[in-house]
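Architecture and fold: a report
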Amino acid sequence: MTAGTLRYPRVLLKLSGEALMGEGDFGIDPATVEGAVDGILELVAAGVQVGLVLGGGNIFRGAVLARGGLDRVTADHMGMLATVMNALAMSDFLVRRGQRATVMSAIPMGGVCEPYDRRRAVTLLEDGHVMLFTAGTGNPFFTTDSAASLRAIEVGADLLVKATKVNGVYAADPVTHPDAERFVKISYDEVIRRRLAVMDTTAIVLCRDHGMPLKVVDMGRPGSLMRAVRGEDEGTLVYSDD
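Residues numbered from 1 in each chain as written. Predicted model: local features only at pLDDT ≥ 70, side-chain atom pairs only at ≥ 80, totals over all residues. Heavy atoms only, no water.

1. Some details on the packing of aromatic side chains
- Applying the stated criterion to the full structure yields one aromatic pair.
- For the pair Tyr116 and Phe133, a centre-to-centre distance of 5.7 Å together with 85° between the ring planes defines the contact as edge-to-face. Taken together, the residues Tyr116 in the loop between strand S4 (114–115) and helix H4 (118–126) and Phe133 in strand S5 (residues 130–134) connect sequence positions 17 residues apart.
- Take Tyr116: its relative accessible area is 21%, and that puts it in the partly exposed class.
- Its end group placed over the ring of Phe93, Arg96 keeps NZ or CZ at 4.7 Å from the ring centre.
- For Lys185, the ring lying beneath its charged end belongs to Tyr239, and the centroid distance is 5.4 Å. (Phe/Tyr/Trp six-rings, centres within 6.5 Å; stacked < 30°, edge-to-face > 60°. Helix = DSSP H or I, 4+ residues; strand = E, 2+ residues; numbered from the N terminus. Buried < 20%, exposed > 50% of the residue type's maximum accessible area, 1.4 Å probe, protein only. Lys NZ or Arg CZ within 6 Å of the ring centre and 35° of its normal.)

2. Concerning the pattern of salt bridges
- According to the stated counting rule, one finds 18 salt bridges in the structure shown.
- Residues Arg72 and Asp76 are paired through a salt bridge, measuring 2.9 Å at the closest nitrogen-oxygen approach. Of this pair, Arg72 and Asp76 both sit in helix H3 (residues 72–96), four residues apart, which is roughly one turn of that helix.
- For Arg72, a relative accessible area of 35% puts it in the partly exposed group.
- The partner of Glu234 in a salt bridge is Arg221, with the nearest N and O atoms 2.9 Å apart. (Salt bridge = Lys/Arg side-chain N within 4 Å of Asp/Glu carboxyl O.)

3. A closer look at the environment of Thr32
- Position of Thr32 relative to the elements: it lies in helix H1 (residues 30–45).
- Given the relative accessible area of 24%, Thr32 is considered partly exposed.
- Here the alpha-carbon distance between Thr32 and Gly220, two residues 188 residues apart in the chain, equals 8.9 Å.
- Engagement of the side chain of Thr32 in a polar contact is seen with the side chain of Asp29, the distance being 2.5 Å. (Polar contact = N/O pair within 3.5 Å; in protein donor to acceptor, adjacent residues only side chain to side chain.)

4. Quick word on the pairing of strand S3 (residues 101–105)
- Buried residues dominate S3, accounting for five of its five residues.
- Bridge count for S3 against S4 is two bridges, and the pairing is parallel. When the sheet's bridge partners are listed, Ser105 is paired in S4 with Pro115. (Pairing = 2+ DSSP bridges.)

5. Focus on the packing of helix H5 (residues 144–154) against helix H7 (residues 201–209)
- Close contact between H5 and H7 brings their axes to 7 Å; oriented N to C, the two are set at 15°. Relative to H7, the element H5 is oriented roughly parallel. Once H5 is placed against H7, the crossing between them reads as left-handed. Across the interface between the two elements, Asp145, Ser146, Ser149, Leu150 and Ile153 from H5 touch Thr202, Ala203, Leu206 and Cys207 from H7.
- For the contact of H5 with H7, the residue count by class is five nonpolar, three polar and one charged. (Axes fitted to C-alpha atoms, helices over the stretch in contact; angles between N-to-C directions. Parallel < 35°, antiparallel > 145°, perpendicular 65-115°, else oblique. Left-handed = near helix turned anticlockwise from the far one by under 90°. Contact = heavy atoms within 4.5 Å. Nonpolar A, V, L, I, M, F, W, Y, C, P; charged D, E, K, R; others polar.)

6. Section: H1
- Here H1 is 16 residues long and its end C-alpha atoms lie 22 Å apart, about the 22 Å a rise of 1.5 Å per residue gives.
- Regarding H1, the residues found buried are Val33, Ala36, Val37, Gly39, Ile40, Leu41 and Leu43.
- In the core, the buried residues of H1 are packed alongside strand S1 (10–15), strand S2 (49–54), H3, S5 and helix H8 (224–230).
- Looking one or two residues past H1, Gly47 carries a phi angle of roughly 95°, positive in sign. (Expected span 1.5 Å × (residues − 1).)

7. Here's the deal with a nonpolar patch on the surface
- A cluster of nonpolar residues, Val64, Leu65, Leu70 and Met78, forms a patch on the protein surface that exposes about 280 Å² of accessible area.
- Look at Leu70 and you get partly exposed, because its relative accessible area is 31%. (Patch = residues over 30% accessible without salt bridge, like charges linked within 9 Å, V, L, I, M, F, W, Y side chains within 5 Å. Areas by Shrake-Rupley, 256 points an atom, 1.4 Å probe, with all protein chains shown as cover.)

8. Looking at the side chain of Lys215
- Checked against the element boundaries, Lys215 lands in strand S10 (residues 214–218).
- For the buried Lys215, no salt bridge exists, and the shortest N-O distance to an oppositely charged side chain is 5.5 Å, to Asp233. (Lys, Arg positive; Asp, Glu negative; His and termini not counted.)

9. Quick word on H4
- Within H4, burial applies to Ala121, Val122, Leu124 and Leu125. What you see down the axis of H4 is that its buried residues fit within an arc of 165°, all on one side. In H4, the exposed positions that point more than 90 degrees away from the buried face belong to Arg119 and Glu126.
- Residues of H4 that are buried in the fold lie against S1, S2, S3 and S5.
- Where H4 starts, the residue carrying a side-chain oxygen 3.1 Å from the main-chain nitrogen of Arg119 turns out to be Asp117.
- Two residues or fewer after H4 comes Gly128, characterised by a positive phi angle close to 100°. (Arc of directions from axis to C-beta.)

Right, here's the structure in full:
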């Protein structure tokens, strides 16, 4: 498959920090990361330009400590640093597999990673680098879901992919409701109306208002990312009504 035949030739992948834990309760599970890298490398080999936003919940969850009394701004900054740690780890896994990867941070960290620069990021994507966008938006009170939506729009992604532990968006929690309906496609307005837990509302509205399609897929299903990028029936497509 060549880039010219891809349904979505440039994608932004959002991967939660918890997804890196595997079956553990904390930190990074190497086998789980290798599985994620396999999916990313499959996309790159097909000619897809890949950006990546990682959460930090496997290391630190700022909102939880904020509820316990820690200053919210301080807690959010600590959470942003956790995303940098995850991005550095993922970058190392990619590089060791022979894939060029560049980490950019919304918070300047000289000697650790590059500062976020949209034009340079696009140039590197076009040159075949996997781009890892980290430290959220650089501002407190915004989730990494919002950061993923923002970066996808900024770099001109054709699709935002949210990798979760379930294969799409359901009418109810499929863990507690095994018979819950999976939506093949659903509009952003319907997601908001039904209050479905897809991404936070800020992220949903950003995608809706900028016409950014979203695919929600199960990263654990072999080939799920490739099928999503081909436009096949994988997970759930969330779209703008306009």
